[in-house]
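# Survey of secondary and tertiary structure
The residues making up each chain are set out below.
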Amino acid sequence: MNIEVKVGDITIEPVGAIVNAANSSLLGGGGVDGAIHRTAGPQLLAECRKIGGCPTGSACITKAYKLPADYVIHTVGPIWHGGSLDEAGQLRSCYDECLKLADQYGLKSIAFPAISCGVYGYPHAAAVAIAVNAVKTFLTQCSEEIKIIFVCYKPEMADLYRKQLNLK
Ligand code: ADP
């Protein structure tokens, strides 16, 4: 499978698209969202403002401006409320919608952060299982070669992905 796990900063990845764990306003925030907007520059915020928002579980694509990636795919993960509000379905939808856009744009590579695993509080192992399942399903159905990179800020998170992928 064309899946890699890395520890580091997603903003330096020279891929077809990096995924932003955005909030529904698309007007920037903390965590990975803040890092992406800081590196991309103010034109990214201007384009996001024109889009006007994105519901939880959906995704939209913009240019990447000063980032080394070609595009940014913004997706809005669920806030964890205990699991009874279809958080799992919404998180799965984030991955599916991002991968659909990558396919539509003919991208050769896409880098994901751990969507919802920061301030949105999703339990890490459960979120990683959803991410890996979504990506594996996509790769078995996709006719084009596309490389998937899970970029983790913390080594402990990378270990969870590697475990889920049986990489060690
Ligand atoms: P959410 O609001 O969806 O929880 P956060 O940005 O708070 O999003 O966190 C999502 C994940 O992104 C967390 O695991 C966090 O450690 C990680 N993260 C934060 N900054 C970066 C970065 N520059 N590159 C990659 N991952 C990052």
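Located above this text is the structure these notes cover.
This write-up is about the structure you can find in this document. (Residues numbered from 1 in each chain as written. Predicted model: local features only at pLDDT ≥ 70, side-chain atom pairs only at ≥ 80, totals over all residues. Heavy atoms only, no water.)

### Some thoughts on the overall build of the protein chain
Rule in force here: Helix numbers and strand numbers start at the N terminus; a helix is a DSSP run of H or I with at least 4 residues, a strand a run of E with at least 2. It is over C-alpha atoms that the radius of gyration is taken, and the globule rule equals 2.2 Å times the number of residues to the power 0.38.
In terms of helices and strands, the protein chain carries five helices and six strands. Helices and strands in the protein chain line up, N terminus first, as β-β-α-α-β-β-α-β-α-β-α. Since a compact globule built from 168 residues should have a radius of gyration of about 15 Å, the 14 Å found for the protein chain is in line with a globular shape. When its C-alpha atoms are laid out on the principal axes, the protein chain stretches across 40 × 35 × 30 Å.

### Notes on the packing of aromatic side chains
Worth spelling out the cut-off: When the centres of two rings from Phe, Tyr and Trp lie within 6.5 Å, Trp using its six-membered ring, the rings pair. Their planes under 30 degrees apart give stacked, over 60 give edge-to-face, and anything left gives tilted.
Within this structure, the stated rule accounts for five aromatic pairs. Look at F150 and Y161: their rings are 4.5 Å apart centre to centre, the planes differ by 25°, and that puts the pair in the stacked class. Of the two residues, F150 is situated in strand 6 (residues 147-152) and Y161 in helix 5 (residues 155-164); the sequence distance between them amounts to 11 residues. The structure contains a cluster of three or more aromatic residues connected by ring pairs, namely Y95, F112, F150 and Y161.

### Looking at the sheet that holds strand 6
Whether parallel or antiparallel, the strands of a sheet pair through hydrogen bonds between backbone atoms. Threshold: When DSSP finds two or more bridges between a pair of strands, those strands are recorded as paired. Angles run from 0 to 180 degrees between N-to-C directions of axes, and those axes are lines fitted to C-alpha atoms, restricted for helices to the stretch in contact.
Taking strand neighbours across the sheet as the criterion, the six strands line up as 1-6-5-2-4-3 in an open arrangement whose pairing is mixed. For this open sheet the edge positions go to strand 1 (3-7) and strand 3 (59-63), each flanked by a neighbour on one side alone. Within the sheet, the average angular offset between the axes of one strand and its neighbour, ignoring direction, is 25°. Taken together, the five bridges between strand 3 and strand 4 (residues 71-76) define a ladder with antiparallel strand orientation. Counted as the bridge partner of K63 is Y71 from strand 4.

### Topic: the pattern of salt bridges
Applicable threshold: The rule for a salt bridge is simple: a side-chain nitrogen of Lys or Arg has to be within 4 Å of a carboxyl oxygen of Asp or Glu. Only protein chains enter the accessibility calculation, which uses a 1.4 Å probe; a residue whose area is less than 20% of its type maximum is buried, one above 50% is exposed, and one in between is partly exposed.
All chains considered together, the criterion is met by five salt bridges. Residue E4 pairs with K147 through a salt bridge whose shortest N-O separation is 2.8 Å. Of the two residues, E4 sits in strand 1 while K147 sits in strand 6, which places them 143 residues apart along the sequence. With relative accessibility at 29%, the residue K147 sits in the partly exposed group. Close ionic contact of E97 with K100 constitutes a salt bridge, the shortest N to O distance being 3.1 Å. In this pair, E97 and K100 are both assigned in helix 3 (residues 87-104), three residues apart and thus about one turn of the helix distant. Take K100: its relative accessible area is 43%, and that puts it in the partly exposed class.

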